[in-house]
Amino acid sequence: MLIAVAACLLTLWLTPYGTLIGAVALAGAVAWQGRARSAEAADGGPGEAERARLQTLYEALVPHLSLAGDPRPRPLYAHDGDWRRAFTAFAFTEEGRLSHLRLRYPPHLGDGDPESRARLQRLLCDKAGQGREYRFAWHEETGELSLTALPPLPAGVCAQRFATAPGETVLGFTDLHTARRTVPVTGDDGERRDLPPVVWRTGPRSAEPHLLVLGRPGAGATTLLRSVALQALGHGEVLIVDGGGAGEYAFLAGRGGVLAVEPTLAGALSSLEWVTRETERRLLAANRARQTGRDVPEDVCRPLWVLVDRPSALSRLARSEGQRDPQDLLQVPLRYGRAVRVTVAVADRFEGAAGLAAAVRSHTRARVVLGPATPDQVRAVLGEAPATTPPPRVPPGRGYARLGTGPVHRLQVPATPDPYDEEASEPQRRAVMELLTGPMASAGRRTLR
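Quick caveat, the model's predicted, so the values are computed rather than measured.

Our next topic: the overall build of the chain. Tallying secondary structure elements over the chain gives 14 helices and 16 strands in all. Relative to a compact globule of 449 residues, whose C-alpha radius of gyration would be 22 Å, the chain shows 31 Å and is clearly more extended. Principal-axis analysis of the C-alpha atoms places the extent of the chain at approximately 120 × 65 × 50 Å. For the chain, long-range pairs separated by at least 24 residues make up 64% of all intrachain contacts whose partners lie at least 6 apart in sequence. Of the roughly 23300 Å² of accessible surface on the chain, 53% is carried by carbon and sulfur atoms.

Bringing the packing of aromatic side chains into the picture now. Applying the stated criterion to the full structure yields eight aromatic pairs. Judged by centre distance (5.4 Å) and plane angle (20°), the ring pair of Tyr58 and Tyr77 falls under stacked. Here Tyr58 is found in helix α4 (residues 48-65), whereas its partner Tyr77 is found in the loop between α4 and α5 (83-86), with 19 residues between them in sequence. Here Tyr58 matches Tyr77 in class, with each residue buried. When the centroid spacing of 6.3 Å and the interplanar angle of 65° are considered together, the rings of Phe90 and Phe92 count as edge-to-face. Over the ring of Tyr400 we find Arg398; its NZ or CZ atom is 6.0 Å from the centre of that ring.

Turning to the pattern of salt bridges, a few remarks are in order. A full pass over the atoms with the stated rule returns 16 salt bridges. The residue Arg410 makes a salt bridge to Glu133 at a minimum N-O spacing of 2.7 Å. Of this pair, Arg410 sits in strand β16 (residues 409-412) while Glu133 sits in strand β3 (residues 133-139); the two residues are 277 residues apart in sequence, bridging distant segments of the chain. Glu133 carries the same exposure label as Arg410, and that label is buried. Note that Arg430 is salt-bridged to Glu426, the shortest N-O span being 3.8 Å. In this pair, Arg430 and Glu426 both sit in helix α14 (residues 426-435), four residues apart, roughly one turn of the helix. Within the structure, one salt-bridge network assembled from shared partners comprises Glu133, Asp175, Arg398 and Arg410.

Together, Leu10, Trp13, Leu14, Tyr17 and Ile21 make up a nonpolar patch on the protein surface, roughly 520 Å² of accessible area in all. Here the element with the most residues in the nonpolar patch is helix α1 (residues 2-14); it accounts for three residues. Among the residues examined, Leu14 registers a relative accessible area of 30% and is labelled partly exposed.

This paragraph deals with the sheet that holds strand β4 (residues 144-150). The strand order across the open sheet formed by four strands is β1-β2-β4-β3, and the pairing between neighbours is antiparallel. The outermost strands of the open sheet, each flanked by one partner alone, are β1 (87-92) and β3. Between one strand and the next, the sheet's axes are offset by a mean angle of 10°, whatever the strand orientation. Where β3 meets β4, seven bridges bridge the pair, whose relative direction is antiparallel.

Packing of α4 against helix α6 (residues 114-128) brings their axes to within 10 Å, and their N-to-C directions diverge by 165°. In terms of their interaxial angle, α4 and α6 are classed as roughly antiparallel. Seen along the crossing, α4 lies across α6 with a hand that is right-handed. Across the interface between the two elements, Leu57, Ala60, Leu61, His64 and Leu65 from α4 touch Leu120, Leu123, Leu124 and Lys127 from α6.

Looking now at the nonpolar core. Among the nonpolar cores identified, the biggest contains 38 residues, and Val241, Val306, Leu330, Val360, Val369 and Leu382 are the most heavily contacted of them. Of all the secondary-structure elements, those providing two or more residues to this core are β9 (211-215), β10 (237-242), α8 (265-292), β12 (304-309), α10 (311-321), β13 (342-349), α12 (358-363) and α13 (375-382). No other element matches the eight residues that α8 contributes to this core. Leaving out residues up to four positions away in the same chain, Leu330 has contacts with Leu272, Val306, Val308, Val344 and Val360. Counting 35 residues, the second largest nonpolar core, distinct from the first, contains Ala159, Ala366, Val368 and Ala401.

What follows is about α6. In this model α6 runs 21 Å from its N-terminal to its C-terminal C-alpha over 15 residues, within 8% of the 21 Å that 1.5 Å per residue would give. By the burial criterion, the buried members of α6 are Ser116, Leu120, Leu123, Leu124, Cys125 and Ala128. Buried residues belonging to α6 abut α4, β2 (98-104), β3 and β4. Phi turns positive, to about 120°, at Gly129, one or two residues after α6.

With that out of the way, let us pick up helix α7 (residues 221-232). Spacing of three or four residues puts side chains on the same side of an α-helix, whose turn is 3.6 residues. For α7, with twelve residues, the first-to-last C-alpha span of 17 Å sits near the 16 Å given by 1.5 Å per residue. In terms of burial, α7 is largely enclosed, as eleven of its twelve residues are buried. Taken together, the buried positions of α7 are occupied by Ala221, Thr223, Leu224, Leu225, Arg226, Ser227, Val228, Ala229, Leu230, Gln231 and Ala232.

Calculation criteria
- Residues numbered from 1 in each chain as written.
- Predicted model: local features only at pLDDT ≥ 70, side-chain atom pairs only at ≥ 80, totals over all residues.
- Heavy atoms only, no water.
- Helix = DSSP H or I, 4+ residues; strand = E, 2+ residues; numbered from the N terminus.
- Rg over C-alpha atoms; globule rule 2.2 N^0.38 Å.
- Contact = heavy atoms within 4.5 Å.
- Areas by Shrake-Rupley, 256 points an atom, 1.4 Å probe, with all protein chains shown as cover.
- Phe/Tyr/Trp six-rings, centres within 6.5 Å; stacked < 30°, edge-to-face > 60°.
- Buried < 20%, exposed > 50% of the residue type's maximum accessible area, 1.4 Å probe, protein only.
- Lys NZ or Arg CZ within 6 Å of the ring centre and 35° of its normal.
- Salt bridge = Lys/Arg side-chain N within 4 Å of Asp/Glu carboxyl O.
- Patch = residues over 30% accessible without salt bridge, like charges linked within 9 Å, V, L, I, M, F, W, Y side chains within 5 Å.
- Pairing = 2+ DSSP bridges.
- Axes fitted to C-alpha atoms, helices over the stretch in contact; angles between N-to-C directions.
- Parallel < 35°, antiparallel > 145°, perpendicular 65-115°, else oblique.
- Left-handed = near helix turned anticlockwise from the far one by under 90°.
- Core = buried A, V, L, I, M, F, W, Y, C linked by side-chain atoms within 4.5 Å.
- Expected span 1.5 Å × (residues − 1).

Right, here's the structure in full:
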């Protein structure tokens with residue numbers, strides 16, 4: 001009875017402090033239960049689920065990176081090995097997916113063989129999680145390979161005036177770690193942000209004065225040429241040859257700065273002949289001005305852009321009709337146009353790449369591949385395979401770009417639809433219409449003779 005009375009009195013005395021005592025007890029219980037995880041976090045170690053993922057990845061690499069009869073007492077990859085020796089750095093997303101991994105590989109792996117690299121990269125992509133793009137960085141000096149999961153490129157950027165200098169053209173947007181600067185852009189939702197561009201520089205001092213775009217039907221090659229045309233109108237004159245003949249550039253006809261939009265073979269031959277003579281005229285005028293010590297005339301310094309879409313189709317048509325190949329007329333502007341600010345941009349499909357003239361293939365050092373493409377196809381066009389895996393879903397205007405001997409960039413072309421296309425979204429059509437120049441006055445028209 002005395003114990004019961006004492007317990008009742010103690011309970012009555014502690015009643016005002018019950019909330020505080022309960023909070024202290026709860027905090028102590030939480031600290032006791034999380035003591036193991038706290039120790040791991042202090043050491044920078046992974047959790048139980050992350051350790052299981054790393055162990056599974058390590059066991060999948062063992063058959064590919066282990067060596068039968070390895071004389072070393074502790075091989076880097078073995079069935080009873082430890083992943084901590086092989087994986088030097090790693091990171092996970094909040095959802096528990098692997099976002100970064102740096103692993104060591106044994107010396108017997110042929111890191112200079114493209115097939116050996118491709119096999120290891122495919123395995124890592126499958127085990128790290130599908131549905132994402134990955135970038136691989138090989139460090140041959142230290143025998144290490146880095147894998148990084150890349151976010152998707154922004155696909156909601158409309159055509160607009162980009163903050164660039166004269167002679168600079170934005171081909172599209174890429175990853176922040178591969179670009180040297182960013183430009184402010186406005187998305188189709190009206191949101192303003194800074195994105196890293198792929199800038200193509202043209203002019204007398206450019207090492208890549210001409211452009212070649214290849215892709216599958218509907219991949220966005222015509223969209224890229226429309227984007228280039230709208231940017232070029234702010235600094236020069238544009239001549240367009242539409243080999244597809246589908247009227248994709250009809251909205252530019254008669255606009256200020258647009259010399260011609262030619263969808264027919266006869267018009268293409270006539271216009272390209274004029275481009276050849278204009279390039280020669282500019283070269284002679286610039287040479288005379290330099291010899292006499294005078295400034296180069298203004299009409300020689302004004303940029304001239306020649307955009308040719310699907311020249312292989314025009315070449316086939318010309319051969320069937322026994323006429324001259326229009327691509328032969330591109331040799332002079334391709335060879336000598338850089339000195340007098342004549343720029344040529346050519347777009348075609350993969351199946352028409354074999355029909356491109358030798359001058360087009362040899363003088364277009366800025367290259368773009370759009371649409372679904374295998375690493376071998378990208379290497380055949382750009383001269384180097386991309387360091388990233390193909391995207392799980394390829395939106396229009398998505399591909400790769402390489403300027404000269406530089407690195408291969410992921411690329412997303414700004415949305416530049418035909419403003420008269422009813423299937424295009426209204427914000428994108430309105431953005432293109434806002435960039436169009438006014439109708440060309442009759443007095444300001446130039447005759448292509």
